[in-house]
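Structural description and commentary
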Amino acid sequence: MGKIKINISNNIRRLRFDNDEMTQLELAKKSGVSRQTINNIESGKYYPSLELAFLIAAALNRDIQEVFTHLKGE
Amino acid sequence: MEYKVRRIIMTLVVVGIVYLNFVFKVNGFLGNQGLEGFADVKGTAIIILWNVLLMVILMIVGHILLHVIGAIGASVKNEINPETRGQDIDLEELFDDVDDEMDKLINLKSSQVGFIMVGLGFVLGLASILMDYQFGVMLVVMYSSFMLGEVVEAAYKLVMYHRGVIHG
């Protein structure tokens with residue numbers, strides 16, 4: 001049985017702009033991480049921990065499933 | 001370029017300079033004696049200790065230069081841009097040194113790679129004793145592996161900051 005691969009996508013970029021054009025730095029400060037980390041998450045180069053994902057969602061005033069979605073595949 | 005990336009590049013440059021200096025010093029120390037020159041263990045140890053001291057000093061100077069040049073660069077950039085002219089520089093953004101979960105993961109993964117290099121150097125150093133080389137050879141091999149480990153670790157960090165990092 002093959003291991004399930006999960007690709008996580010996110011809507012951070014769009015949601016930032018919906019939140020008064022929030023910058024990556026502002027979101028980073030609200031989430032307690034560096035701007036580089038937000039940039040990497042946004043471009044799919046890094047998947048955040050569950051805790052950080054909740055923090056980002058809270059900073060964007062959204063539920064976590066609105067910010068992060070996953071695509072299942074074999 | 002992010003502050004952390006600049007800091008890693010600075011580390012690479014410092015390690016490169018220090019190791020080059022070490023190679024030249026060892027070359028001069030050995031003279032025409034070849035590897036037999038390593039019989040002078042004390043002399044070898046002194047060269048290594050001086051290099052460690054040089055590395056500490058260069059790291060401190062490098063950090064100071066990084067901050068000074070970074071601040072000057074940012075203020076010049078501020079003045080050139082009409083929108084930001086006269087505004088204060090956000091030092092928190094400029095020297096963003098928050099160590100978050102991604103940095104910790106990158107540090108963990110890169111230090112594992114660095115440890116492999118150091119481990120290899122340790123084994124090679126012991127092997128050199130078995131092969132009846134002078135004790136000084138072992139010191140040099142181990143010191144070189146520490147330096148190489150530092151280079152590989154820093155290079156690996158740069159790659160991960162550029163390409164991203166995944167858990168597991």
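None of these values were measured; they are calculated from a predicted model.

Details of the interface of chain A and chain B
The interface of chain A with chain B comprises 12 residues on the first partner and 13 residues on the second. Among the elements that line the side of chain A that touches chain B, the one with the most residues is helix H3 (residues 35-42) of chain A, at four residues.

Let's talk about the confidence of the model for chain A
Per-residue pLDDT for chain A averages 86, and the proportion of residues at 70 or more is 91%. Averaged pLDDT values over the elements of chain A bottom out at 77 in strand E2 (residues 68-73) of chain A and peak at 92 in helix H4 (residues 50-59) of chain A.

A short note on the packing of helix H2 (residues 24-31) of chain A against H4 of chain A
Residues and elements named next belong to chain A. Close contact between H2 and H4 brings their axes to 9 Å; oriented N to C, the two are set at 120°. Here H2 lies oblique to H4, going by the angle between them. The crossing of H2 and H4 is right-handed. Contacts between H2 and H4 involve Leu-27, Lys-30 and Ser-31 on the former and, on the latter, Leu-52, Leu-55, Ile-56 and Ala-59. Broken down by class, the residue content of the contact of H2 with H4 amounts to five nonpolar, one polar and one charged.

Description of the environment of Leu-12 of chain B
All names here are of chain B. With respect to the element layout, Leu-12 can be found in helix H1 (residues 3-30). Look at Leu-12 and you get partly exposed, because 17 C-beta atoms sit within 10 Å. Counting along the chain gives 138 residues from Leu-12 to Glu-150, while the straight-line C-alpha distance between them is 7.9 Å. Once residues lying within four places of it in the same chain are set aside, the contact partners of Leu-12 are Val-151, Ala-154 and Ala-155.

Overview of unusual backbone geometry
Leave glycine aside and you will find that most residues have negative phi; peptide bonds, for their part, are mostly trans. In this structure, Glu-21 of chain A takes a positive phi of about 50° despite not being glycine. Of the residues examined, Glu-21 of chain A has 8 C-beta atoms within 10 Å and is grouped as exposed.

Basis of the calculations
- Residues numbered from 1 in each chain as written.
- Chains lettered and ligands numbered in written order.
- Predicted model: local features only at pLDDT ≥ 70, side-chain atom pairs only at ≥ 80, totals over all residues.
- Contact = placed C-beta atoms within 7 Å.
- Helix = DSSP H or I, 4+ residues; strand = E, 2+ residues; numbered from the N terminus.
- pLDDT = per-residue confidence, 0-100.
- Axes fitted to C-alpha atoms, helices over the stretch in contact; angles between N-to-C directions.
- Parallel < 35°, antiparallel > 145°, perpendicular 65-115°, else oblique.
- Left-handed = near helix turned anticlockwise from the far one by under 90°.
- Nonpolar A, V, L, I, M, F, W, Y, C, P; charged D, E, K, R; others polar.
- Buried ≥ 20, exposed ≤ 12 C-beta atoms within 10 Å, placed from the backbone.

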